[in-house]
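Architecture and fold: a report
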Amino acid sequence: MKRRSREERAQRARVRAKRTILALVAASNGRLEGKLRLYKAFYRAHLNCFETTGLELTAYPIVHMPNGPGIDNAQELIDELSEAGQLRETVGNGLKLSERVYEVVGKVTQEEDQEKVAAIAEAISWANSLNEQQLKDGSHNLSWREGNTGLQQNIYVDGLSEERVDEIWQNANKRMAILTDLVPGL
């Protein structure tokens, strides 16, 4: 089996990320209000998929943003979907003049993996049930608290219990102590 290059893997992740954005908007009855809501649903869909399957949804980077996890270079993906005639992005929803509104244009190819479909549906249901402040506050989990703005987050630690994270740290510290004893100056 031929191993894919880094560029090929990044391109596949980008395609999957765009497909996931479309699926999230489609799961919201074809219309999603708010970039923040889109970001949080994208994050939550990845976490849901990982928790149920142990696999990544897209392998696309999720980065630390001021209000929680965000989609890396999201506007580029959205622009590509718009240029392809698959997604319409407008600014202003009547109540908030700067709010982004996303609408699916045409038919979205349905994801074949039912666990991924369920992860996306659950994520959009969760995101649509929250107001803006709850969205801002609702995903400042371990990966976000440990990250720096603009850098990729390892969101998969967010699916672990605090006890499991503590156990991992304790084991890592024990291993580091052993290495330090074996390799002076480490």
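Preceding block: the structure.
Note that the coordinates shown come from a computational prediction; the quantities given were computed from them, not determined experimentally.

As a further point, take helix α3 (residues 74-83). Turning to α3, its buried residues are A74, L77, I78 and L81. Down the axis of α3, the smallest arc covering the buried residues is 95°, so these residues share one side. Those residues of α3 hidden inside the fold are in contact with α1 (6-27), α2 (35-53), β3 (68-71), β4 (87-91) and β5 (100-104). G85, located one to two residues past α3, shows a positive phi value of around 75°.

Before going further, it helps to examine a nonpolar patch on the surface. The grouping of M176, I178, L179, L182 and V183 at the surface amounts to a nonpolar patch, some 480 Å² of accessible area in total. By the element assignment, L179 lies in helix α7 (residues 162-182). The exposure class assigned to L179 is partly exposed, which follows from its relative accessible area of 42%.

Applying the stated criterion to the full structure yields seven salt bridges. A salt bridge links K18 to E80; the shortest N-O distance between them is 2.7 Å. Taken together, the residues K18 in helix α1 and E80 in helix α3 connect sequence positions 62 residues apart. For the salt bridge of R88 with E103, the shortest nitrogen-to-oxygen distance reads 3.5 Å. One end of the pair, R88, is in strand β4; the other, E103, is in strand β5, and 15 residues separate them in sequence. Since its relative accessible area comes to 41%, R88 is described here as partly exposed. Its relative accessible area of 22% is what places E103 among the partly exposed residues.

Conventions adopted
Residues numbered from 1 in each chain as written. Predicted model: local features only at pLDDT ≥ 70, side-chain atom pairs only at ≥ 80, totals over all residues. Heavy atoms only, no water. Buried < 20%, exposed > 50% of the residue type's maximum accessible area, 1.4 Å probe, protein only. Helix = DSSP H or I, 4+ residues; strand = E, 2+ residues; numbered from the N terminus. Arc of directions from axis to C-beta. Contact = heavy atoms within 4.5 Å. Patch = residues over 30% accessible without salt bridge, like charges linked within 9 Å, V, L, I, M, F, W, Y side chains within 5 Å. Areas by Shrake-Rupley, 256 points an atom, 1.4 Å probe, with all protein chains shown as cover. Salt bridge = Lys/Arg side-chain N within 4 Å of Asp/Glu carboxyl O.

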